[in-house]
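These are the residues of each chain, in order.
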Amino acid sequence: MQTTRTTQTRHTRQRWKVPAGVHLVVAFLAAWALGAVQPATGIPTEVVQLTQFGPALGVALAALLWPSRTRELLAGSAGHPVSPWRQLLATPLLIILLSAGPYALLTGAAHATDPRGLHHPFLLIALAQLVGACGEEIGWRCFLQPLLRTRLGPLAASVAVGAVWGLWHVQALAQSPAYAAGFLLATIAMSVVLGLALEEAGGLRRLLLAGGFHALVNLGMLLFMDEETGRALPMVLFGLACAVAAVPWVWRGREVTIPAAVG
């Protein structure tokens, strides 16, 4: 009996460990390869970064290896509950306000960029950012999050995905320790928001809401922050703003606790 239970436990662990491992290896390697070839494509990074499609390629391989399991994860909840999508899509605006406002006060200058001054039409950038964000989110929030939810609670799974999401951005971690810490705080906090907000959402709804949130944050940073210069202050403020914005979602999650499934 003990041998049978041990075998079943190992099989259960493999059901999430192996797909998660394969997905992450492909997501990291594909992002590196896509980043290396982007200069040759002529696609401006201001419009979209090809690295964003690394997680999507990880999901594509998982779909080839475990088709039914991948469809189940991407489909999400069988029901169609009303998720707080308005609050979710308003959260990026709060994050930018809480980060750009103090940044302007501390530096004595606004860091806003006129959309008309960008090198490419803003509408093109916005659409490309949404597509790129969905390329990431199909891997993080639509595949890895529900996969980890088979073993972890919603908050723990969200923190784990956020940590991986942050580590995946190797170029950000190569900056100063303060910059890297602010960035990791931001990815974990935003992952908590998305994980808890989309706990019961599934399918295309989950992808579009996660991608919309992600794109709005990217666009807000593009227009109102200058963290791309490598300065630690804007990134630290951004991380703190994300943490503050995550607090109401964590509080809300305490009111409705959904136990982790055993898969």
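Refer to the structure above for everything that follows.
The present account deals with the structure reproduced in this document. (Residues numbered from 1 in each chain as written. Predicted model: local features only at pLDDT ≥ 70, side-chain atom pairs only at ≥ 80, totals over all residues. Heavy atoms only, no water.)

Bringing the overall build of the protein chain into the picture now. Scanning the protein chain from N- to C-terminus turns up 10 helices and zero strands. Its helices and strands taken in sequence order, the protein chain reads α-α-α-α-α-α-α-α-α-α from the N to the C terminus. Residue burial in the protein chain is summarised as follows: out of 263 residues, 43% are buried. Long-range pairs, those at least 24 residues apart, make up 81% of the contacts in the protein chain with a sequence separation of at least 6. Accessible area of the protein chain: about 13,200 Å², with a carbon and sulfur share of 69%. (Helix = DSSP H or I, 4+ residues; strand = E, 2+ residues; numbered from the N terminus. Buried < 20%, exposed > 50% of the residue type's maximum accessible area, 1.4 Å probe, protein only. Contact = heavy atoms within 4.5 Å. Areas by Shrake-Rupley, 256 points an atom, 1.4 Å probe, with all protein chains shown as cover.)

A few words now on the environment of Glu227. The topology assignment puts Glu227 in the loop between helix 9 (203–224) and helix 10 (232–255). Placed 10 residues apart in sequence, Glu227 and Leu237 show a C-alpha to C-alpha distance of 10.0 Å. In this view, Glu227 contacts Tyr179, Met221, Pro234 and Met235; residues no more than four positions away in its chain are not counted.

Pairs of packed helices are described in terms of their axes, by the angle between the two and the distance that separates them. As a packed pair, helix 5 (residues 122–149) and helix 6 (residues 154–168) sit with axes 9 Å apart at the nearest point and diverge in direction by 140°. What the angle tells us is that helix 5 and helix 6 run oblique. For helix 5 against helix 6, the interelement crossing comes out right-handed. On helix 6, the residues that touch Glu136, Glu137, Trp140, Arg141, Leu144, Gln145, Leu148 and Arg149 of helix 5 are Pro154, Ala157, Ser158, Ala160, Val161, Val164, Trp165 and Trp168. Classifying every residue of the contact of helix 5 with helix 6 by side-chain character gives 10 nonpolar, two polar and four charged. (Axes fitted to C-alpha atoms, helices over the stretch in contact; angles between N-to-C directions. Parallel < 35°, antiparallel > 145°, perpendicular 65-115°, else oblique. Left-handed = near helix turned anticlockwise from the far one by under 90°. Nonpolar A, V, L, I, M, F, W, Y, C, P; charged D, E, K, R; others polar.)

Here we take up the environment of Glu228. Relative to the elements of secondary structure, Glu228 occurs in the loop between helix 9 and helix 10. On the basis of relative accessibility, which here comes to 58%, the residue Glu228 falls in the exposed class.

Pairing is possible between side chains of opposite charge, provided their charged atoms come close. If you walk through the whole model with that rule in mind, you get four salt bridges. We note a salt bridge from Arg69 to Glu72, for which the minimum N-O separation is 3.7 Å. Placement of both Arg69 and Glu72 in helix 3 (residues 67–75) is noted, with a separation of three residues, approximately one turn of the helix. Residue Arg69 is classed as buried on the basis of its relative accessible area, which comes to 12%. (Salt bridge = Lys/Arg side-chain N within 4 Å of Asp/Glu carboxyl O.)

All right, on to the nonpolar core then. Ranked by size, the top nonpolar core spans 47 residues in total, and within it Leu88, Ile95, Met190, Phe213 and Phe238 carry the most contacts. Contributions of two or more residues to this core are made by helix 1 (2–41), helix 2 (54–65), helix 4 (85–107), helix 5, helix 6, helix 8 (177–197), helix 9 and helix 10. The leading source of residues in this core is helix 8, at 10 residues. Beyond its immediate stretch of four places on either side in the chain, Met190 contacts Ile95, Trp165, Phe213, Val217, Phe238 and Cys242. Residues Leu118, Ala126, Ala128 and Leu223 belong to the second largest nonpolar core, which totals eight residues. (Core = buried A, V, L, I, M, F, W, Y, C linked by side-chain atoms within 4.5 Å.)

Here the focus is the packing of helix 5 against helix 9. The geometry of helix 5 relative to helix 9 is characterised by a closest axis approach of 7 Å and an angle of 130° between their N-to-C directions. By the angle class used here, helix 5 and helix 9 are oblique. For the crossing formed where helix 5 meets helix 9, the hand is right-handed. Counted by class, the contact of helix 5 with helix 9 contains 15 nonpolar, six polar and four charged residues.

A few words now on the layout of surface pockets. Its boundaries defined by the atoms lining it, the largest pocket holds a volume of some 1,200 Å³. Elements represented by at least two residues in the lining of the largest pocket include exactly helix 1, helix 5, helix 6, helix 7 (170–173), helix 8, helix 9 and helix 10. The residue makeup of the lining of the largest pocket, split by class, is 17 nonpolar, 14 polar and five charged. (1 Å grid on protein atoms, 1.4 Å probe; cavity = no way out; pocket = protein on both sides within 12 Å on 5 of 7 lines; lining within 4 Å. Points joined across faces, edges and corners; volume = space filled by probe spheres on them.)

Attention now moves to the side chain of Gln129. In this structure, Gln129 sits in helix 5. A distance of 3.4 Å separates a polar side-chain atom of Gln129 from the backbone oxygen of Val47. Not counting the four nearest positions on each side in its chain, Gln129 is found in contact with Glu46, Val47, Ala215, Asn218 and Leu219. (Polar contact = N/O pair within 3.5 Å; in protein donor to acceptor, adjacent residues only side chain to side chain.)

What follows deals with the packing of aromatic side chains. Going through the model one piece at a time under the given rule, you end up with one aromatic pair. In this structure, Arg141 is placed above the aromatic ring of Trp165, and the distance from its NZ or CZ to the ring centre is 4.3 Å. (Phe/Tyr/Trp six-rings, centres within 6.5 Å; stacked < 30°, edge-to-face > 60°. Lys NZ or Arg CZ within 6 Å of the ring centre and 35° of its normal.)

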